[in-house]
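# Results of the structural survey
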Amino acid sequence: MAVHPALSLNVIVICLLSPVLAGLFDEYSCSSRSEVCMLKDVVLESDRDVELSTFRDIRDPLVIESGAIPKFSQALYRKLPSVVDLTVDRLGIVQLFIRPGLMHLSAVGNAIEKVLLEDTEKSVQEEYSMLVLRLSQNKLTELPPLERFVRLMHLALDANQLSSVDMSAFAKLTNLRILSLAHNRLLTVTSSSESPLQLIKLRRLSFAENQLPMLNVSYWEFDSLENLNVTGNSMTRIEGSLTQFPVLKRLALARNQWYCEWLMLQYTYLETPSGLQLDADEPDRCRHENMMTSQHHCCNPAGAEDSGLIDLFGDKWDELKRLSQLLDKLNTTIANGSASVNRVLDLQHAALSRRVEKLTETQDKQTAQLVELKSGIEYQKDKLSRLETDLKDKVDRLSEEVNARWNSTDAAYDDLFNATTATTKTTTNWPVIASQNEKNLSQLRQLLVTTSKQFNTYSNKSYEQDALLKAQFERISTVQQELDEVRGNEKQVELALEKLEPQTKLILDYLTVIRKGCIDEEQDHEEDFK
């Protein structure tokens, strides 16, 4: 059957244009009827691809599982107007635009270098509705613009290429609960000293696996911070006090280069909060890296010059070095199987035990002295109270006696005056009356002198009692200091005993093996002789 030439040409043209027509009608729709809308193989490598693509029956939340979208643009968002919960992980995104209406965005494992926000005259100041923003495992070299994300609660910027961070960039994120900057290349984290950074709802903060040499938290007010992670850096210290985080529950400090004096100060400060959990360095790290061990972590004994740190041990480092050398010598002796080590350790253990007993007796005596001093203070208080009562009673009696004498003098004068006016005779004996008044005045003077002496005596005794009380309080303070020293010595002795016990056990086991070997060798000799 013959085919018309024109018809054949039309068929060829249609076949040639079919790929282009297929591209013009790329349509994406949810791959299942589950609650989550899933899209697969979404390939939009140019603005033209975005313009020609169509999205049908897209619902929220939306997850684009696979494909390639180097530029996630504003034009693409226009095709997804109802989406507020979007996941675009591992799609090769280099440039990411974020729409104000989004509430949840996950763009993990892409190659994002730049984040763009809507920047029209109408919406420059528009606040974003974003609650969760995950931009981990990308290529960001600087923080994205965050000042408009005022509702953000979770921000993840792990595994990017950030080398420095200014914490003031988070100042407006007052609802932030979780902030992670782990696995970056951070060398500096700065804060403004002019105004404190107030993130009162922040609970978790991570700077793990960076290159930070130190961290300054002096200007941070994180009243709700529960988890702080700074593991895997090069930190020697943290400026500011960790006690300014009142509800801190988990603190991760491992794999750093802490100064021992700073680390010991932190252990002292962090003993008071209840429920605080500390991590720990690996058991062999301190030995492999020639560092000292301070409870849970490795540290370097010497701090940097002009670092402002207080060296708690001062010239004790030489003594610690000498003790370390002695410990090495002891380990060498153990390795050589010296039989005298066990006896020396027994003697040291006995001496330490006697010292502990003596310290315990001294503590008991000082406790008894404290009880006695407290009893003496109570006795002196009672004595002062009795003296005050007696003196008050004497003053009251003296006042009553003076008033009685004065009243009797007035009565005598009235009787004398009445008698004089009742008779016309001028026989008044004025010298006798003057003598009696003089005698009464003399008695009053004596009573006043006695009262003054009693007041002076009371004042002197009060001063003596005050001086005695001050001396008693000073003695109590001295005894308390001695008790603290005794407790510190007792703790050091207990630590030394704990360290010696495993070594002693090793020595005994080693000597037991040697002795058993010697016995077996003698038995073998006897059998050979037979």
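Residues numbered from 1 in each chain as written. Predicted model: local features only at pLDDT ≥ 70, side-chain atom pairs only at ≥ 80, totals over all residues. Heavy atoms only, no water.

So, on to the pattern of salt bridges. The final tally for this structure, using the stated rule, is 10 salt bridges. Measuring nitrogen to oxygen at the nearest pair gives 3.7 Å for the salt bridge that ties E51 to R48. Of the two residues, E51 and R48 are both situated in helix α2 (residues 47-52); the distance of three residues between them amounts to about one turn of the helix. The exposure class of E51 is exposed, given its relative accessible area of 53%. Salt-bridge contacts for R285 lead to E289; the nearest nitrogen and oxygen are separated by 3.4 Å. E289 sits in the partly exposed class, given a relative accessible area of 39%. Here the salt bridges share partners, and the residues they tie into one network are E27, R56 and D57. (Salt bridge = Lys/Arg side-chain N within 4 Å of Asp/Glu carboxyl O. Helix = DSSP H or I, 4+ residues; strand = E, 2+ residues; numbered from the N terminus. Buried < 20%, exposed > 50% of the residue type's maximum accessible area, 1.4 Å probe, protein only.)

Before going further, it helps to examine the packing of aromatic side chains. Here the structure, examined in full by the defined rule, presents eight aromatic pairs. A centroid spacing of 5.2 Å and a plane angle of 20° characterise the contact between W220 and F222, whose relative ring orientation is stacked. Among the residues examined, W220 registers a relative accessible area of 2% and is labelled buried. (Phe/Tyr/Trp six-rings, centres within 6.5 Å; stacked < 30°, edge-to-face > 60°.)

Turning next to a positive patch on the surface. Taken together, the side chains of K383, R386, K394, R397 and K461 make up a positively charged region of the molecular surface. The residue R386 is located in helix α7 (residues 340-422) in this model. Given the relative accessible area of 43%, R386 is considered partly exposed. (Patch = residues over 30% accessible without salt bridge, like charges linked within 9 Å, V, L, I, M, F, W, Y side chains within 5 Å. Areas by Shrake-Rupley, 256 points an atom, 1.4 Å probe, with all protein chains shown as cover. Lys, Arg positive; Asp, Glu negative; His and termini not counted. Charge placed at Lys NZ, Arg CZ, Asp CG, Glu CD.)

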